[in-house]
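Residue-level structure breakdown
For reference, the chains in residue letters:
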Amino acid sequence: MSRASHEKWMNRCIAVDSGSAISIAIDARSANAERRVGIGSYCKELIQGMLHLSPPPELRLYIDNPPIGDFCEPNEHVHVRVLPSARGWTHRILGPELRRSRPNVFFSPGLQVPWRAPCPVVVSALDVAYRTFPDYFPLRFRLSARLQAANAFRRADKIIAISESTKRDVCRLYHVPPEDVHVCLLGVSDRFRPVADASRLEEVRAKYRLPERFLLYVGAIQPRKNLPRLIEAFARFYAAHPAAPQHLVLAGKAGWMEEGTMRAIESCPVRNRIHTPGFIDDEDLPAVLTAADALAFVSLWEGFGLPALEAMACGTPVLASNCSSLPEVVGETGILVDPYDAHDIERGIEDLLLDSERRALLAANARRRAASFSWEKTAQSIYRILTSVAG
């Protein structure tokens, strides 16, 4: 970022004296992305949820590039600080800035905490899969994640886990007392609802070249998503039911170590019924979820499993793994299967795709369950934790 661009956005920042109880500094870089997934969606929705609190707190959002897309605009409650991008940004750039302008509390939606944070710290643990499934991560990422997590858990006054499953892993692997880890389940945005406009559904079908009927996966293409077994199960299903109209759509951008999934697609005997449209734009996701007969989300682990909840809110039944956090999200409103057993996944696909009455019942139950999750609830829970450590 040029010095001129940096000064332009520094000048747009609004100094706040809103009378709020505390000032909260947030590492908001993940929310400032064109194609947000995972932590980026979490960070963005959490910021918006906090702004719906009454009264809203003072939020200091720290990013390393000028705001893009729908990133939160500065206002009387939001102070945006664009700091120069640099290697080791958290420690070399953000840390000194927090010491110059000390907030009441610093919140990291991930596990990146300055070595010398001058204030109380709260971090979110999305998962610790780099410890539980190390072979599914590149070595460099694994080493970096372990160092960041060790620093964050040692420095944090409180830790937020996004599921009970993640809390158990954090306490077990890092010997953190359970009372220091608070579970704050994620929410689902109001924009995730069934799309009734037939022309809108046809528009997204044409944009992503989607078939008329399909089983959908949404997420990054990477080993933990267990896509080779899903592909094998779908091939078995279609071999047993060649008249079934559904195709398999694997939607998402490449993550890492995606070669195994690509080989499974190319060698699949029903390759012509597998579609890879790439990343689904955020504004199109509710329509794509609505258009699908069902969502298949048979990951080996998930910190939470936000795509499953978003599908449920759109009235799309879910086939999910019976392990990690997914049973907490899906409950009894979906079909849970053993992600290590392609035959069990095939059985779940049959139950969903061949029984339209059951699919409709699960869809209705899923919508009711999804209604109990909201980002406002998440924001309230996290805000209470932030105020407790801020004193």
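A few points on the structure. (Residues numbered from 1 in each chain as written. Predicted model: local features only at pLDDT ≥ 70, side-chain atom pairs only at ≥ 80, totals over all residues. Heavy atoms only, no water.)

A look at the pattern of salt bridges
Pairing of side chains with opposite charge becomes possible as their charged atoms draw close. Spelled out, the test is: The rule for a salt bridge is simple: a side-chain nitrogen of Lys or Arg has to be within 4 Å of a carboxyl oxygen of Asp or Glu. Under the scheme applied here, a residue whose accessible area is under 20% of the maximum for its type counts as buried, over 50% as exposed, and between as partly exposed, the area being computed with a 1.4 Å probe on protein chains only. Numbered from the N terminus, helices here are DSSP runs of H or I no shorter than four residues, and strands are runs of E no shorter than two.
Tallying each qualifying case throughout the model produces 22 salt bridges. The closest approach of N and O atoms between R155 and D157, which form a salt bridge, is 3.9 Å. Exposure remark for D157: the relative accessible area of 37% places this residue in the partly exposed category. A salt bridge links R236 to E232; the shortest N-O distance between them is 3.1 Å. Here R236 and its partner E232 are both found in helix α8 (residues 227-240), 4 residues apart, which amounts to about one turn of the helix. A relative accessible area of 31% places R236 in the partly exposed class. Each of R200, E203, K207, D281 and D284 takes part in one network of salt bridges that share partners.

Looking at the nonpolar core
Operational definition: Residues belong to a common nonpolar core when they are buried Ala, Val, Leu, Ile, Met, Phe, Trp, Tyr or Cys residues joined through side-chain atoms within 4.5 Å.
Counting residues in each nonpolar core, the largest one holds 100 residues, and the members touching the most others are I24, F107, L216, L230 and I349. With 8 residues, the single largest contributor to this core is α8. Counting residues in each nonpolar core, the second largest holds 34 residues, with W89, L98, L111 and F137 among its members.

Re the side chain of D27
Our working definition: The definition of a polar contact used here is a pair of N or O atoms within 3.5 Å, where within protein one atom must be able to donate a hydrogen and the other to accept one, and adjacent residues in sequence count solely through side-chain atom pairs. Any two residues having at least one pair of non-hydrogen atoms within 4.5 Å are treated as being in contact.
Among the secondary structure elements, D27 is positioned in strand β1 (residues 23-27). Using a relative accessible area of 5% as the deciding quantity, one classes D27 as buried. Side chain to side chain, D27 and R29 meet in a polar contact 2.8 Å long. Apart from the residues within four sequence positions on either side, D27 is in contact with C43, Y62, W89, F106, F107, P109 and Q112.

With respect to the packing of α8 against helix α13 (residues 342-353)
Relative placement of two packed helices is described by the angle separating their axes and the distance separating the axes. Selection criterion: To get an axis, a line is fitted to the C-alpha atoms, and for a helix only the part in contact is used. The angle between two axes follows their N-to-C directions and goes from 0 to 180 degrees. When describing relative orientation, an angle under 35 degrees is termed roughly parallel and one over 145 degrees roughly antiparallel, while 65 to 115 degrees is termed roughly perpendicular and anything else oblique. Definitions for this section: a left-handed crossing has its near helix turned counterclockwise from the far helix by less than a right angle. A right-handed crossing has that turn clockwise. Each residue gets one label: Ala, Val, Leu, Ile, Met, Phe, Trp, Tyr, Cys and Pro are nonpolar, Asp, Glu, Lys and Arg are charged, and the others, such as Gly, are polar.
Here α8 crosses α13 at 55°, and the two axes come no closer than 8 Å. Our classification of the angle between α8 and α13 gives oblique. Seen from above, α8 lies across α13 with right-handed handedness. Contact residues: α8 offers R229, L230, E232, A233, F234, R236, F237 and A240, while α13 offers A342, H343, I345, E346, I349, E350 and L353. Tallied by class, the residues present in the contact of α8 with α13 amount to 9 nonpolar, 1 polar and 5 charged.

Some remarks on the pairing of strand β9 (residues 247-251)
Operational definition: A crossover counts as right-handed when, viewed with the strands pointing away from the observer, the path leading from the first strand over the helix to the second turns clockwise. Note on pairing: DSSP must find at least two bridges between two strands before they are called paired.
The element β9 is largely enclosed, with a buried count of 5 among its 5 residues. Residues H247, V249 and A251 of β9 are buried on one face, and the alternating residues L248 and L250, pointing to the opposite face, are buried as well. Taken together, strand β8 (residues 214-218), α8 and β9 constitute a β-α-β crossover, and its handedness is right-handed. Inspection of the sheet shows β9 paired to strand β10 (residues 274-275) by 2 bridges, in the parallel sense. By the bridge assignment, L248 is partnered in β10 with I274. You can see the chain leave β9, run along helix α9 (residues 259-267) and come back into β10, and the turn it takes is right-handed.

Purely spatial values, then, with no claim about function.
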